Amino acid sequence: MLVVVKDNFEEVSIEAAKLFASLVRRKPDCVLGFATGSTPLGMYKELIRLHKEEGLDFSKVITFNLDEYVGLPPSHEQSYHHFMWENLFKHINVDPRHVHVPMGMAENIDEFCLWYEEKIEECGGIDLQILGIGANGHIAFNEPGSSLGSRTRIKTLSTQTCEDNARFFENKDEVPTYAITMGVGTIMQAHELLLLASGAAKADAIRATVEGPVMAKYPATIVQLHEFATVVVDTDAASKLEGDYSGF
Ligand code: F6R
C-alpha cells in the first residue's frame, strides 16, 4: 500500500485526479469506480477542468458507483444518481449509457444486486475505484462489522447514519433506512484502489486503515491486503500515523 501525504484537500484532490486522468488517457475505455460524499468533490472538480481545458475524453469510459439509497428515485435531490450528475457527469462527455449507479427503486433488489455484480464482471472489472472513508472506518455503506468478503447487497443504515442524514430531508419519514452498496469483496476486486481522506475527523480511521490490524470492525483496513492500493491523505488526516510517509 502506497501512502501519500499532501498538504491540504486541494492537493489531495489534484493528486487523485492525476491518477484518474492518466488512466483515462492510457486506456480510454477504462472502467472507473466512483463514490459520493464530500471527499471526491475536489477531484471531480479537477476532472471537469481537465475535460474542459485539456480535452480529457470520457466518451468511452464506463462507470460504476459504490452505493445508492433504497427508495429514492434518481431525480431526488439526495439520491446518489443526482449527486453524480450534478457534480461530475453533466459536466463531462460521459455516455449516459455507460453510467451505472445502483438503482434504489429496483423492484427486486436482490436480483438487481446480482445483476450489478455481473455487469461489473462483464465490463472486465473496475480498473480504478475511488474510496472515501467514514470516521468509523466504513467504505461505501459497509459499516463496522460488515463481512470482509461481502458482495453488492442491501444494507440497513445505522441509527447514527440515519440521524446524520436527517438534516438533508424536509420530512423525517423520507430519510432512507436502507441502501444498496458494493460489498467489501466487490471493492477488493477492483484492479486498483485509491482511498482519499481529508481533515482531522478522519485521523483515527486513517491510522486504523494504514497501521492497524485488518478487521471487520474497520472495513477500510482491508485495503492493506490489496496489491495496488494508494491512500492519499492531507496532513490533518495523517496526523495520527506513526510511520514516516514523507518519502513520496
Ligand atoms: C459514498 C461512500 C461513503 C463515503 C464516506 C465518507 O459513496 O461510499 O462511504 O465515502 O461516508 O464521506 P465523506 O467523503 O462525505 O466524508
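Our structure is the block above this text.
Residues numbered from 1 in each chain as written. Predicted model: local features only at pLDDT ≥ 70, side-chain atom pairs only at ≥ 80, totals over all residues. Heavy atoms only, no water.

A. Geometry of the sheet that holds strand 6 (residues 128-131). Spatial strand order, 1-10-9-6-2-3-5: 7 strands in an open sheet with parallel pairing. A single partner strand is all that each edge strand has here, and the edge strands are strand 1 (2-6) and strand 5 (99-100). Pairing analysis gives 2 bridges linking strand 3 (residues 62-65) to strand 5, with the strands arranged parallel. Residue pairing in the sheet places Thr 63 in a bridge with Val 99 of strand 5. Together, strand 3 and strand 5 form the strand contacts of helix 4 (residues 109-122), whose direction differs from that of strand 3 by roughly 145°. (Pairing = 2+ DSSP bridges. Helix = DSSP H or I, 4+ residues; strand = E, 2+ residues; numbered from the N terminus. Contact = heavy atoms within 4.5 Å. Axes fitted to C-alpha atoms, helices over the stretch in contact; angles between N-to-C directions.)

B. Summary view of a negative patch on the surface. Together, Glu 77, Glu 170, Asp 173 and Glu 174 give the surface a local cluster of negative charge. Within the secondary structure, Asp 173 is located in the loop between helix 5 (159-165) and strand 8 (178-181). (Patch = residues over 30% accessible without salt bridge, like charges linked within 9 Å, V, L, I, M, F, W, Y side chains within 5 Å. Areas by Shrake-Rupley, 256 points an atom, 1.4 Å probe, with all protein chains shown as cover. Salt bridge = Lys/Arg side-chain N within 4 Å of Asp/Glu carboxyl O. Lys, Arg positive; Asp, Glu negative; His and termini not counted. Charge placed at Lys NZ, Arg CZ, Asp CG, Glu CD.)

C. Geometry of the packing of helix 2 (residues 41-54) against helix 3 (residues 80-87). In contact at an axis separation of 10 Å, helix 2 and helix 3 are set at 40° when each is read in the N-to-C sense. It follows that helix 2 is oblique to helix 3 by the angle criterion. Between helix 2 and helix 3, the residues in contact are Leu 41, Tyr 44 and Ile 48 and Phe 83, Met 84 and Asn 87, respectively. The residue makeup of the contact of helix 2 with helix 3, split by class, is 5 nonpolar, 1 polar and no charged. (Parallel < 35°, antiparallel > 145°, perpendicular 65-115°, else oblique. Nonpolar A, V, L, I, M, F, W, Y, C, P; charged D, E, K, R; others polar.)

D. Fine view of helix 4. Spanning 14 residues, helix 4 covers 20 Å between terminal C-alpha atoms, matching the ideal 20 Å at 1.5 Å per step. Looking at helix 4, one finds that the buried residues are Ile 109, Phe 112, Cys 113, Tyr 116, Glu 117 and Ile 120. All buried residues of helix 4 project into a common sector of 140° when viewed along the axis, lining one side. Within helix 4, the exposed residues directed more than 90 degrees away from the buried face are Asp 110, Glu 111, Leu 114, Glu 118, Glu 121 and Glu 122. Each element contacted by the buried residues of helix 4 is listed here: strand 3, strand 5, strand 7 (153-156), strand 8 and helix 6 (184-188). The opening residue of helix 4 is Asn 108, an N-cap whose side-chain oxygen sits 3.2 Å from the backbone nitrogen of Asp 110. Following helix 4 by one or two positions, Gly 124 has its phi on the positive side, about 95°. (Expected span 1.5 Å × (residues − 1). Buried < 20%, exposed > 50% of the residue type's maximum accessible area, 1.4 Å probe, protein only. Arc of directions from axis to C-beta. Polar contact = N/O pair within 3.5 Å; in protein donor to acceptor, adjacent residues only side chain to side chain.)

E. Structural view of the site of the ligand. Surrounding the ligand, one finds 13 residues, the nearest of these being Thr 39, Asp 67, His 138, Ala 140 and Lys 202. Thr 39 places a side-chain nitrogen or oxygen 2.5 Å from an oxygen atom of the ligand. Contact with the protein chains hides 83% of the accessible area of the ligand, taken as 410 Å² for the molecule alone. Here the ligand is seated within the largest pocket. Split into classes, the residues belonging to the shell around the ligand amount to 5 nonpolar, 6 polar and 2 charged. (Near = heavy atom within 4 Å. 1 Å grid on protein atoms, 1.4 Å probe; cavity = no way out; pocket = protein on both sides within 12 Å on 5 of 7 lines; lining within 4 Å. Sits in = over half its atoms within 2 Å of the grid points.)

Interpretation in functional terms is not warranted from these geometric data alone.
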